[in-house]
Protein chains: 2
Amino acid sequence: MKTYGQFCGLARALDHVGDRWTLLIVRELLIEARRYSQIREALPGVATNLLADRLRSLEADGLIWKRPDGTYCLTAFGRRLEGAIHELVRWGAEWMSAGRGSDHFRPQWLAVALGALLAAETVGGVEIHADDEVLHVTDGRVSLGPLERPDAVIRGSAEDILAVAAGMLPISALSVRGDSNAVTQLMRRRDNVGSTTTFSDT
Amino acid sequence: MKTYGQFCGLARALDHVGDRWTLLIVRELLIEARRYSQIREALPGVATNLLADRLRSLEADGLIWKRPDGTYCLTAFGRRLEGAIHELVRWGAEWMSAGRGSDHFRPQWLAVALGALLAAETVGGVEIHADDEVLHVTDGRVSLGPLERPDAVIRGSAEDILAVAAGMLPISALSVRGDSNAVTQLMRRRDNVGSTTTFSDT
DNA sequence: CCGGATCCACTAGGATACTG
DNA sequence: CAGTATCCTAGTGGATCCGG
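Residues numbered from 1 in each chain as written. Chains lettered and ligands numbered in written order. Predicted model: local features only at pLDDT ≥ 70, side-chain atom pairs only at ≥ 80, totals over all residues. Heavy atoms only, no water.

Around DNA strand C sit 19 residues, and of these Arg-35, Thr-48 and Tyr-72 of chain A together with Arg-20 and Arg-54 of chain B come closest. Looking at DNA strand C alone, sugar and phosphate atoms form 68% of those within 4 Å of the protein. Between DNA strand C and the protein, one listed contact pairs a phosphate oxygen with a side-chain N or O atom of Arg-54 of chain B at 2.7 Å. When residues of the surface near DNA strand C are traced back to their parent elements, those giving at least two are α3 (36-42) and α4 (48-60) of chain A together with α4 (48-60) of chain B. (Near = heavy atom within 4 Å. Polar contact = N/O pair within 3.5 Å; in protein donor to acceptor, adjacent residues only side chain to side chain. Helix = DSSP H or I, 4+ residues; strand = E, 2+ residues; numbered from the N terminus.)

Following this line, the structure appears as structure tokens:
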């Protein structure tokens, strides 16, 4: 990308992660370390050379790192984009209410969405079965895989779980077992989500 | 921009604000409502047709609104991007340490940078004279213009003030009058800024 | 099969000239 | 002043091919 040539944090940030696909690559690696072909299949439509280009740039900029086993992995610096990505996910939740339509969907994306949308102050562990994917939430952090002794277990389609987290469906749309208190506490959405578009001055 | 076609908050957000220049336009309107030509001169290098395109899209998406007097103004929905922009500014602070170089710089950009970098819990008012620009901070919010009864007044070049806020220079690089306590409290940077790039696993 | 590289058609972006 | 109209270039998308 051509640099904006502005001495401004936003412009400098966009100089490095403002390119098309770049933040989506970071999103994938935020979920877990991935191989080239795993990233590619998670990003339908990306050209192979473009993905290779982006990975090279991200590595040169110190955001990602290629492990000896061939998986790409975020550095600590790259992971510090999580806050910005979560903010964008929360803002983008507004555009989710139009429904899925014919868009692609991967259950793993739930990990990022839930990390951004769920209440951070949750105590205890909740296991989530979304379609065939299993993930869990502890202390407001979302990770892939099951939990040893979950306080509650939620089951539903990934789409429904996402819709509940985004406030588009009531919690009753999901099957919940165990401590239902932990679940309602978990699903209390963060700020900055779901207000209607209004026009104001100043 | 071509849509990513992904049912994901991040992808949907980028479908609307991921285009080149778009977030910088939002940044300008976050500072204050602006006319077409004011936006253009704040974004050196933007093509006139491109700016017109972006403004049309942003208006169609309900992020901005054209007032009867011809100034473009953020809607409440558009202003909800402030959190994401602040996060990007904080992340981008890492790239500011390379110095200004030959990049453009506008004193007004300080308003956004300070809003992102300064401690939000500040009490009292601090007036900032950056070159010929005057702005002030109250309750962690930054606005253009002077303050009625400031607790402290900071003077310096906009570049130095930015550098202090980003932690690249000590507070002693600036001239401070009044309650120096309020100033040191103000300049205590938020999290997520300034750690060195390290490589870690997992 | 994985991890790309190469080629080509297409589209978005950049620079400048021009207009109501 | 606030854009529109062009032209040209760089970046993107899609398909295919290639070496390990």
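After presenting the structure, the write-up continues.
Residue and element names in this part refer to chain A. Assigned domains of chain A: these are domain 1 (9-79) and domain 2 (102-186). For domain 1 and domain 2, the distance between their C-alpha centroids amounts to 26 Å. Domain 1 puts eight residues into the contact, and the matching count from domain 2 is seven residues. Summed over both sides, the interface of domain 1 with domain 2 buries roughly 690 Å², with 67% coming from carbon and sulfur. Summed over the three residues of domain 1 that lose the most area to domain 2, namely Arg-27, Ile-31 and Pro-44, the buried surface amounts to 58% of that side. Counting across the domain 1 and domain 2 interface gives zero salt bridges. (Domains from an automatic or database assignment. Contact = heavy atoms within 4.5 Å. Buried area = accessible area lost by both parts, 1.4 Å probe. Salt bridge = Lys/Arg side-chain N within 4 Å of Asp/Glu carboxyl O.)

A separate point is the interface of chain A and chain B. When the parts of a complex come together, some accessible area is lost, and that lost area is often used as the size of the interface. Across the contact, 68 residues belong to chain A and 69 residues belong to chain B. Note on chain A versus chain B: buried area summed over both sides is about 6,300 Å², and carbon and sulfur give 63% of it. For the chain A face of the interface with chain B, the top three residues by lost area are Phe-7, Arg-80 and Trp-91 of chain A, together amounting to 15%. One can count four salt bridges joining chain A with chain B. Across the contact surface, chain A and chain B share 22 residue pairs in polar contact (both at pLDDT 80 or more). Of all the secondary structure elements, the ones that give two or more residues to the side of chain A that touches chain B are α1 (9-17), α2 (22-31), β2 (72-74), α5 (76-79), α6 (82-96) and α8 (158-165) of chain A. When residues of the side of chain A that touches chain B are assigned to their parent elements, the largest contribution, eleven residues, is made by α6 of chain A.

Another point: the nonpolar core. Counting residues in hydrophobic clusters, the biggest one holds 130 residues, and the most contacted among them are Leu-63 and Leu-114 of chain A together with Leu-10, Leu-63 and Leu-114 of chain B. With residues near it in sequence (within four places) discarded, Leu-114 of chain A still touches Ile-128, Leu-135, Val-142, Ile-161 and Ala-165 of chain A. (Core = buried A, V, L, I, M, F, W, Y, C linked by side-chain atoms within 4.5 Å. Buried < 20%, exposed > 50% of the residue type's maximum accessible area, 1.4 Å probe, protein only.)

Let's shift gears to the pairing of strand β6 (residues 152-156) of chain B. Residue and element names in this part refer to chain B. Relative to β6, strand β3 (residues 125-130) runs parallel, the two sharing five bridges. The residue of β6 that forms the bridge with Val-126 is Ala-152. Pairing geometry for β6 and strand β7 (residues 175-178), over four bridges, is antiparallel. By the bridge assignment for β7, Arg-155 is matched with Ser-175. (Pairing = 2+ DSSP bridges.)

All names here are of chain A. Helix length check: α4, at 13 residues, gives a terminal C-alpha distance of 18 Å against a target of 18 Å (1.5 Å per residue), a fit within 8%. Lining the buried residues of α4 we find α2, α3, β1 (64-66) and β2. Looking at the residues trailing α4, positive phi occurs at Gly-62, about 80 degrees. (Expected span 1.5 Å × (residues − 1).)

Another aspect to go through is the sheet that holds β6 of chain B. Residues and elements named next belong to chain B. Pairing is mixed across the open sheet formed by five strands, whose spatial order is β5-β4-β3-β6-β7. Looking at which strands have only one partner, the edges of the open sheet turn out to be β5 (141-144) and β7. Recorded for the sheet is a direction-independent mean angle of 20 degrees between the axes of neighbouring strands. (Axes fitted to C-alpha atoms, helices over the stretch in contact; angles between N-to-C directions.)

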